[in-house]
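Reading the structure
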Amino acid sequence: MRKFMSSAAVAVVMLAGLGAAQAADVKEVQMLHWWTSGGEAAALNVLKQDLSKEGFAWKDVPVAGGGGDAAMTALKAMVAAGTYPTASQMLGYTVLDYAQAGVMGDLTETAKKEGWDKSVPAALQKFSVYDGKWVAAPVNVHSVNWLWINKAVMDKIGGTQPKSFDDLIALLDKAKAAGVIPLALGGQNWQEATMFDSIVLSTGGPEFYKKAFNDLDEESLKSDTMKKSFDNLAKIVKYVDPNFSGRDWNLATAMVIKGDALVQVMGDWAKGEFVAAKKTPDKDFLCYRFPGTEGSVIYNSDMFGMFNVPDDRKAAQVALATATLSKSFQSAFNVVKGSVPARTDVPDTDFDACGKKGIADLKAANEGGTLFGSLAQGYGAPPAIANAYKDVVSKFVHGQIKSSDEAVTQLVQAIDDAR
């Protein structure tokens, strides 16, 4: 049987390693992250190579777990001990929490020199700038409202792009009838809630999503539309295989890549797995917006939060921040990662068909007011609320909450308790 260390044990090991590394070499970038899948590791290698050219060694501090919860537990222990990494992969409101605690560094001089204020969208600056100071470097923009489909299976069953939620259910029925697993899903709370983000947008529309999951409007949260969203979630989870519980997200993606399953509902980091497997859009796989969400983008952004490290380690931090937001890195990294650049002035030349669509969709949503933070991914509300949301959705998926009425009641109560 494989055994795993607890997050606390992982943190203890990392603290020891980081402490030794900090004493040994100030020309070293120490990065805490949860990018451990094949596609993610390949993308991160782009940054390692860029920094190597600048004379900086790289020290990985990886904590597996696609949602980042284990990594954030480890980071909390490090910060409490005063043993900061050069930077940590972080999501939205977590950056602001640490900034408010006064432990983040100041990248403002670098940001001014590199023109970040003009090239980084305001939606990202909301989370990377605190009290007028840049405290994080945005790496990318991910969007979560995607379908990833195996084209050979799609062709075999005679499927077409679903334009509505009912169309999606009909497509899943076709896959089931053909003996293919219709929906690849990992039964982890962040994956289930990420899918539910898209279902809520599809069911209620852009304004409803914003009110419910960005504004946390109680009338929207307890509405009939939210009940219908849970009804739709109940419909779609009937199409998963019996072994879905606890499955990692990249293993669910692999099911689609191999043709064992038709479709995965997942953020565009899933595309990085297709790229790593040498698969091509429109030839091997298809990328569609979740039906009913076309024209809107539910986003998150990986950010490198920079801590207030000693002066002799700041050169490494500046080098990391500068490399992260260079146009060349933004293109090369995001081509591999599956995401789109965090800068609006990076050409789409090197991106594949899905990447070009992602860039165009982000631009249109940003200009049209339909760019919304993902509640499941830490951009809709602070972590306590996001965690409460994920918990309720997961309990519903796994049958611990028996009805949509009960789910809505528990969702409203959980968010109220977490405010």
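Just so you know, the residues in each chain are numbered from 1, in the order the chain's sequence is written. Two thresholds apply to this predicted model, a pLDDT of at least 70 for residue-level local features and 80 or more for giving and counting side-chain atom pairs, whereas whole-chain, interface and lining totals are computed over all residues. Side-chain figures throughout are based on the complete set of non-hydrogen atoms in the structure, without hydrogens or water.

Structural notes on the sheet that holds strand β14 (residues 340–341)
Rule in force here: We call two strands paired when DSSP finds no fewer than two bridges between them. Helix and strand assignments come from DSSP, with helices taken as H or I runs of at least 4 residues and strands as E runs of at least 2, each series counted from the N terminus. Contact criterion: two residues are considered in contact whenever any of their non-hydrogen atoms come within 4.5 Å of each other. Between N-to-C directions, angles span 0 to 180 degrees; the directions come from axes that are lines fitted to C-alpha atoms, helices contributing only their stretch in contact.
Within the open sheet, the four strands sit side by side as β14-β7-β12-β15. Their pairing is mixed. Looking along the sheet, the strands with just one partner apiece sit at the ends: β14 and β15 (371–373). As paired elements, strand β7 (residues 140–143) and strand β12 (residues 297–300) share two bridges and run antiparallel to each other. Bridging from a neighbouring strand, Ser-143 pairs with Tyr-299 of β12. The sheet strands contacting helix α11 (residues 206–214) are β12 and β15, and the helix crosses β15 at an angle near 25°. Packing of helix α17 (residues 327–337) onto the sheet brings it into contact with β7 and β14, and relative to β7 it is tilted by some 25°.

Some points on the environment of Val-336
Positionally, Val-336 belongs in helix α17. In the structure, Val-336 is positioned 22 residues away from Lys-314 in sequence and 28 Å away in space, judged by C-alpha atoms. Residues within four places of Val-336 in sequence aside, it is in contact with Gly-39, Ala-42, Ala-43, Gly-272 and Val-275.

Regarding the side chain of Ser-37
Note the threshold: Think of a polar contact as two N or O atoms within 3.5 Å of one another; within protein, one of them needs to be a possible hydrogen donor and the other a possible acceptor, and neighboring residues in sequence only count if both atoms come from side chains.
When you line up the elements, Ser-37 lands in the loop between β1 (28–33) and α2 (38–53). Of note is the side chain of Ser-37, whose polar atom sits 2.7 Å from the side chain of Glu-273. Look past the residues within four positions of Ser-37 in its chain and what remains in contact with it is Trp-249, Asn-250 and Glu-273.

Here we look at the nonpolar core
Operational definition: The set of buried Ala, Val, Leu, Ile, Met, Phe, Trp, Tyr and Cys residues whose side-chain atoms join them within 4.5 Å is what this entry labels a nonpolar core. Each residue is placed in one exposure class: buried if its accessible area under a 1.4 Å probe, protein chains only, is under 20% of its type's maximum, exposed if it is over 50%, and partly exposed if it falls in between.
Ranked by internal contacts, the top residues of the largest apolar core, which has 77 residues, are Phe-196, Phe-213, Met-226, Phe-230, Leu-233 and Ile-236. Apart from residues no more than four positions distant in its own chain, Phe-213 is found in contact with Phe-196, Asp-197, Val-200, Leu-221, Met-226, Leu-375, Gly-380 and Tyr-389. Among the nonpolar cores identified, the runner-up in size contains 66 residues, and Leu-47, Val-61, Leu-107 and Leu-325 belong to it.

Here we look at the pattern of salt bridges
Two side chains that carry opposite charge are able to pair once their charged atoms sit near each other. Heads up, the rule is: By salt bridge we mean one thing: a side-chain nitrogen of Lys or Arg within 4 Å of a carboxyl oxygen of Asp or Glu.
Across all of its chains, the model carries 20 salt bridges by this definition. Salt-bridge contacts for Arg-289 lead to Asp-361; the nearest nitrogen and oxygen are separated by 2.9 Å. Taken together, the residues span a long stretch of sequence, with Arg-289 in strand β11 (residues 285–289) and Asp-361 in helix α18 (residues 353–368) at a distance of 72 residues. Grouping residues by exposure puts Arg-289 and Asp-361 together as buried. With its nearest N and O atoms 3.2 Å apart, the salt bridge here joins Arg-419 to Asp-416.

Points about the state of the cysteines
Defined as follows: Note that a disulfide, as used here, is simply two cysteine sulfur atoms within 2.5 Å.
Scanning all chains against the criterion turns up one disulfide. Through a disulfide, Cys-287 is tied to Cys-354; the S-S separation comes to 2.1 Å. Residues Cys-287 and Cys-354 are joined through a disulfide that is left-handed, its torsion about the S-S bond being -105°. With a gap of 67 residues between them, Cys-287 in strand β11 and Cys-354 in helix α18 connect regions that are remote in the sequence. Accessibility expressed as a relative area gives 12% for Cys-287, which makes it buried.

Remarks on the packing of α2 against α17
Selection rule: Here roughly perpendicular refers to angles of 65 to 115 degrees, roughly parallel to angles under 35, roughly antiparallel to angles over 145, and oblique to all remaining angles. Left-handed describes a crossing in which the near helix is turned anticlockwise from the far one by less than a right angle; the clockwise case is right-handed. Only Asp, Glu, Lys and Arg are considered charged, only Ala, Val, Leu, Ile, Met, Phe, Trp, Tyr, Cys and Pro nonpolar, and every remaining residue, Gly among them, polar.
Packing of α2 against α17 leaves a shortest axis separation of 8 Å and a crossing angle of 160°. Classified by the interaxial angle, the pair formed by α2 and α17 is roughly antiparallel. Here α2 and α17 pass one another in a crossing that is right-handed. Here Gly-39, Glu-40, Ala-42, Ala-43, Leu-44, Val-46, Leu-47 and Asp-50 of α2 come into contact with α17, specifically with Phe-329, Ala-332, Phe-333, Val-336 and Lys-337. Classifying every residue of the contact of α2 with α17 gives nine nonpolar, one polar and three charged.

Some words on the pairing of β7
The alternating pattern of β7 places Asn-140 and His-142 on one face and Val-141 and Ser-143 on the opposite face, and all of these are buried. With two bridges joining them, β7 and β14 adopt antiparallel strand pairing. Across the sheet, Asn-140 pairs through a bridge with Pro-341, a residue of β14.

Observations concerning the environment of Val-263
As for its position among the elements, Val-263 is in strand β10 (residues 261–265). The sequence separation of Val-263 and Ala-386 amounts to 123 residues, and the corresponding C-alpha distance is 26 Å. Not counting the four nearest positions on each side in its chain, Val-263 is found in contact with Leu-147, Trp-148, Ile-149, Leu-172, Pro-182, Leu-183, Ala-184 and Val-256.

Quick word on the sheet that holds strand β9 (residues 181–184)
Sheets are built from strands paired through backbone hydrogen bonds, the pairs being either parallel or antiparallel. A sheet is described by the order of its strands in space; here four strands give the open sequence β9-β10-β8-β11, paired in mixed fashion. One side of each edge strand has no neighbouring strand; the edge strands of this open sheet are β9 and β11. Neighbour-to-neighbour, the strand axes of this sheet turn through a mean angle of 20°, independent of strand direction. Sheet analysis places strand β8 (residues 146–150) next to β10, joined by three bridges and oriented antiparallel. Bridge pairing in β10 places Trp-148 opposite Gln-264.

Observations concerning the domain arrangement of the chain
In plain terms, the rule: Start and end points for every domain follow an automatic or database-based domain assignment. Two parts lose some accessible area (1.4 Å probe) when they are put together, and adding that loss for both gives the buried area.
As assigned here, the chain comprises domain 1 (28–141 + 300–368) and domain 2 (143–299 + 374–417). Here the C-alpha centroids of domain 1 and domain 2 sit 26 Å apart. At the junction of the two partners, domain 1 supplies 33 residues and domain 2 supplies 32 residues. With both chains or domains summed, domain 1 and domain 2 bury close to 2,500 Å², and 58% of this area falls on carbon and sulfur atoms. On the domain 1 side of the contact with domain 2, Tyr-93, Asn-300 and Cys-354 bury the most area, a combined 27% of that side's loss. Linking domain 1 to domain 2 there are four salt bridges. In this structure, the salt-bridge partner of Asp-69 is Lys-390, at a minimum N-O distance of 3.6 Å.

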